[in-house]
Amino acid sequence: KLFPNLSPEFLSRIDLSELNTIIIEAFGTGNFPIYGNKSILPFIERCLDSGLVIVFNSQAPYDAVDLSKYESGRKAMELGAISAGDMTSEAALTKMMHLWGNHDDSEQIKTLFTSDLVGERSD
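So, here's what we can say about the structure. Given the structure is predicted, the values throughout are model-derived calculations rather than measurements.

Brief notes about the layout of surface pockets
Here the idea is plain: a probe the size of a water molecule rolls over the atoms and shows the empty space left.
Then comes step 1: When its volume is computed, the largest pocket comes out at roughly 150 Å³.
Then comes step 2: Lining the largest pocket are 13 residues, with Lys1, Leu11, Ile14, Ile24 and Phe43 sitting closest to its centre.
Then comes step 3: Sorting the residues of the lining of the largest pocket by element identifies helix H1 (8–12) and strand E1 (21–26) as the ones contributing at least two each.
Then comes step 4: It is E1 that contributes the most residues to the lining of the largest pocket, four residues altogether.
Then comes step 5: Residue composition of the lining of the largest pocket, by class: 11 nonpolar, no polar and two charged.

Remarks on the pattern of salt bridges
Then comes step 1: As enumerated under the stated definition, the model contains five salt bridges in all.
Then comes step 2: Across the pair glutamate 9 and arginine 13 runs a salt bridge, and its minimum N-O distance is 2.8 Å.
Then comes step 3: Given the relative accessible area of 45%, glutamate 9 is considered partly exposed.
Then comes step 4: Exposure remark for arginine 13: the relative accessible area of 60% places this residue in the exposed category.

Some points on unusual backbone geometry
Then comes step 1: Even without being a glycine, asparagine 5 presents a positive backbone phi close to 75°.
Then comes step 2: The topology assignment puts asparagine 5 in the segment before H1.

Regarding helix H4 (residues 89–102)
Then comes step 1: Between its first and last C-alpha atoms H4 spans 20 Å; for 14 residues at 1.5 Å apiece the expected length is 20 Å, and the two agree.
Then comes step 2: Where H4 is buried, its residues meet E1, strand E2 (53–58) and helix H5 (106–113).

Details of H5
Then comes step 1: Inspection of H5 places Ile109, Lys110 and Phe113 among the buried residues, and these make up the whole buried set. Angularly, the buried residues of H5 cover 100° about the axis, an arc narrow enough to put them on a single face.

Side note on the environment of alanine 84
Then comes step 1: Position of alanine 84 among the secondary structure elements: in the loop between strand E3 (82–83) and H4.
Then comes step 2: A sequence separation of 82 residues divides alanine 84 from leucine 2, and the C-alpha atoms of the two residues are 15 Å apart.
Then comes step 3: Excluding residues within four positions of it along the chain, alanine 84 makes contact with Val55, Phe56, Asn57, Ala92, Phe113 and Arg121.

Notes on the nonpolar core
Then comes step 1: Judged by nonpolar contacts, the single largest core of 22 residues is most densely connected at Ile22, Ile24, Phe32, Ile44, Ile54 and Phe56.
Then comes step 2: Elements with a minimum of two residues in this core: E1, helix H2 (41–49) and E2.
Then comes step 3: Among the elements that make up this core, the one with the highest residue count is H2 (five residues).
Then comes step 4: Leave out the neighbours within four places in its chain, and phenylalanine 56 touches Ile24, Ala26, Phe32, Ile44, Val65, Leu67, Ala76, Ala81, Ile82, Ser83 and Ala84.
Then comes step 5: Formed by 10 residues, the second largest nonpolar core is a distinct cluster that contains Val55, Met87, Ala92 and Met96.

Conventions adopted
Residues numbered from 1 in each chain as written. Predicted model: local features only at pLDDT ≥ 70, side-chain atom pairs only at ≥ 80, totals over all residues. Heavy atoms only, no water. 1 Å grid on protein atoms, 1.4 Å probe; cavity = no way out; pocket = protein on both sides within 12 Å on 5 of 7 lines; lining within 4 Å. Points joined across faces, edges and corners; volume = space filled by probe spheres on them. Helix = DSSP H or I, 4+ residues; strand = E, 2+ residues; numbered from the N terminus. Nonpolar A, V, L, I, M, F, W, Y, C, P; charged D, E, K, R; others polar. Salt bridge = Lys/Arg side-chain N within 4 Å of Asp/Glu carboxyl O. Buried < 20%, exposed > 50% of the residue type's maximum accessible area, 1.4 Å probe, protein only. Expected span 1.5 Å × (residues − 1). Contact = heavy atoms within 4.5 Å. Arc of directions from axis to C-beta. Core = buried A, V, L, I, M, F, W, Y, C linked by side-chain atoms within 4.5 Å.

None of this, on its own, says anything about what the molecule does.
This is the structure:
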């Protein structure tokens, strides 16, 4: 979960070796810091370079992530991040766990994650 003044150094300490997905709870419709010493873009790049799937979810209880809305989201999409749309954090996590439990190809998982499988997405 992102919060104001989050230090990217904190994120750099995360051991990515045992992970397959990072779900980032961004602000509003998917906004996050991209400038100066608070940018999390280097962390996103490191995750993607490690083969992880990066999902952006919203902290807002009644909002959907639209990565095309702000510059930060567009940059994340260009790097290969995907949106959780209007799924809750719990639904996004459970769906990703289900997908990794049944598939091993990250591109297939991205496609399935961004599709509505059982009514978990309305966008």
